[in-house]
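Architecture and fold: a report
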Amino acid sequence: GAGVSQSPSNKVTEKGKDVELRCDPISGHTALYWYRQSLGQGLEFLIYFQGNSAPDKSGLPSDRFSAERTGGSVSTLTIQRTQQEDSAVYLCASSLQNELGTQYFGPGTRLLVL
Amino acid sequence: AQSVTQPDIHITVSEGASLELRCNYSYGATPYLFWYVQSPGQGLQLLLKYFSGDTLVQGIKGFEAEFKRSQSSFNLRKPSVHWSDAAEYFCAVGAPGGGGNKLTFGTGTQLKVEL
C-alpha cells in the first residue's frame, strides 16, 4: 500500500475484555514500531520489530500487552484484560531496515476502555 | 535514558510572522533528532531529521532546524507561517540499537495561527 494502515480506526471495549490492534506496514519495510499516545503520558514507545523478531520490548507497560509480527509484514498488538488506563491512541510506524530509516506513521487506532 | 523537553505547550503566532519552536534533549551520545507534525485527525508526518554533518537542516513545508550541541537544542524555525501550519509539533530523539531507532518524544507544542 501507499502508507502504513491500521485497523480498526476506533475501538470501544469494556474493561476486562481483550482487544487486538492491527498494523499493515509499508511494503518492503522490515522495521516496525508500536507507540502509544495518551493524555497523561504523551507519545511513548512500546515495542520494535526487525522482521519477525522483537529486539526491543522495553516499552510494553505490563504483561497484559503483547505483540507479534508474521511474514515480516503485518503486526498485531494484543491487550488482555483491558483497563481504563489503556485508553489511548495506538500508533504504528514502519521504516526501512536500518536505524537511519525514516519512520512513517499510520493514522492510529483510538482505543476507549469503558 | 534519553529525554526531550519542549517548554512551550501552546504558541500563537500571526500568519506571516516568523516561528521558533524550542526543543532540548538529553542523550549520552551523538543524537539522532527529529521534528514531526501532527494535524487533527492525521498521523505523524516527518518534517526533518538530523543525524550528522551540517547542523542546519532543511525540511519540508519551508521548515528548518539547527542542532546546537553546546545547548543540547534542536529548535524548529520557519520564516513566515501559513494558516495551514496550525498543528501540534513534536520533537524526538532516537536511540539507535538492534538495527532500529526507538524514538523518545517531547510532550508537543500546539501551534495556533491567527489570520
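Please refer to the structure higher up on the page.
Okay, so let's go over this structure. (Residues numbered from 1 in each chain as written. Chains lettered and ligands numbered in written order. Predicted model: local features only at pLDDT ≥ 70, side-chain atom pairs only at ≥ 80, totals over all residues. Heavy atoms only, no water.)

1. Topic: the overall build of chain B
Looking only at helices and strands, chain B has zero helices and 12 strands in total. For chain B, the N- to C-terminal ordering of α and β elements is β-β-β-β-β-β-β-β-β-β-β-β. In terms of overall size, chain B behaves like a compact globule, its C-alpha atoms giving a radius of gyration of 14 Å where 115 residues would be expected to give roughly 13 Å. C-alpha atoms of chain B, sized along the principal axes, occupy 45 × 30 × 25 Å. In chain B, buried positions account for 47% of the 115 residues. Of the contacts made within chain B by residues no fewer than 6 positions apart, 54% connect residues no fewer than 24 positions apart. (Helix = DSSP H or I, 4+ residues; strand = E, 2+ residues; numbered from the N terminus. Rg over C-alpha atoms; globule rule 2.2 N^0.38 Å. Buried < 20%, exposed > 50% of the residue type's maximum accessible area, 1.4 Å probe, protein only. Contact = heavy atoms within 4.5 Å.)

2. So, the overall build of chain A
Across its full length, chain A holds zero helices and 11 strands. For chain A, the α and β elements follow one another from N to C terminus as β-β-β-β-β-β-β-β-β-β-β. A compact globule built from 114 residues would reach a C-alpha radius of gyration of about 13 Å, and chain A, at 13 Å, matches this within 12%. If one aligns the C-alpha atoms of chain A with their principal axes, the spans along those axes are about 40 × 25 × 25 Å.

3. A word on the nonpolar core
In terms of nonpolar packing, the biggest core is built from 26 residues, with B:Leu19, B:Trp35, B:Leu47, B:Leu48, B:Phe74, B:Leu76 and B:Tyr89 touching the most fellow members. When contributions to this core are tallied by element, the ones reaching two or more residues are β2 (10–14), β3 (19–21), β5 (32–38), β6 (44–50), β8 (64–68), β9 (73–78), β10 (87–97) and β12 (109–114) of chain B. For this core, the leading source of residues is β10(B), giving four residues. When sequence neighbours within four positions are dropped, the list of residues in contact with B:Tyr89 reads B:Gln6, B:Leu21, B:Trp35, B:Tyr36, B:Val37, B:Leu47, B:Phe63, B:Leu76, B:Gly108, B:Thr109 and B:Leu111. Counting 20 residues, the second largest nonpolar core, distinct from the first, contains A:Val89, A:Leu91, B:Leu44 and B:Phe105. (Core = buried A, V, L, I, M, F, W, Y, C linked by side-chain atoms within 4.5 Å.)

4. Let's talk about the interface of chain A and chain B
With 20 residues of chain A at the interface, the matching set in chain B holds 18 residues. Carbon and sulfur atoms supply 54% of the area buried between chain A and chain B, which totals about 1,600 Å² over both sides. Here chain A is connected to chain B by one salt bridge. B:Lys102 is the partner of A:Asp56 in a salt bridge, and the nearest nitrogen-oxygen pair spans 3.5 Å. Taken together, the links from chain A to chain B amount to eight residue pairs in polar contact (both at pLDDT 80 or more). (Buried area = accessible area lost by both parts, 1.4 Å probe. Salt bridge = Lys/Arg side-chain N within 4 Å of Asp/Glu carboxyl O. Polar contact = N/O pair within 3.5 Å; in protein donor to acceptor, adjacent residues only side chain to side chain.)

5. A closer look at a nonpolar patch on the surface
Taken together, the side chains of A:Val12, A:Leu112 and A:Leu114 define a hydrophobic patch exposed on the protein surface, amounting to about 280 Å² of accessible area. Considering the arrangement of structural elements, one finds A:Leu114 in the segment after β11 (109–113). (Patch = residues over 30% accessible without salt bridge, like charges linked within 9 Å, V, L, I, M, F, W, Y side chains within 5 Å. Areas by Shrake-Rupley, 256 points an atom, 1.4 Å probe, with all protein chains shown as cover.)

6. Re the pattern of salt bridges
Residue and element names in this part refer to chain B. This structure, assessed with the given rule, holds eight salt bridges over all chains. Where Arg22 meets Asp8, a salt bridge forms, and the shortest distance between an N and an O atom there is 2.9 Å. Separated by 14 residues along the polypeptide, Arg22 in the loop between β3 and β4 (24–26) and Asp8 in the loop between β1 (3–5) and β2 bring together distant segments of the chain. Judged by relative accessible area, Asp8 falls into the buried class, the value being 18%. Residues Arg77 and Glu66 are paired through a salt bridge, measuring 3.3 Å at the closest nitrogen-oxygen approach. One end of the pair, Arg77, is in strand β9; the other, Glu66, is in strand β8, with 11 residues separating them in the sequence. Note on Arg77: relative accessible area 23%, which makes it partly exposed. With a relative accessible area of 23%, Glu66 lands in the partly exposed category. When salt bridges that share partners are traced, they join Glu64, Glu66 and Arg77 into one network.

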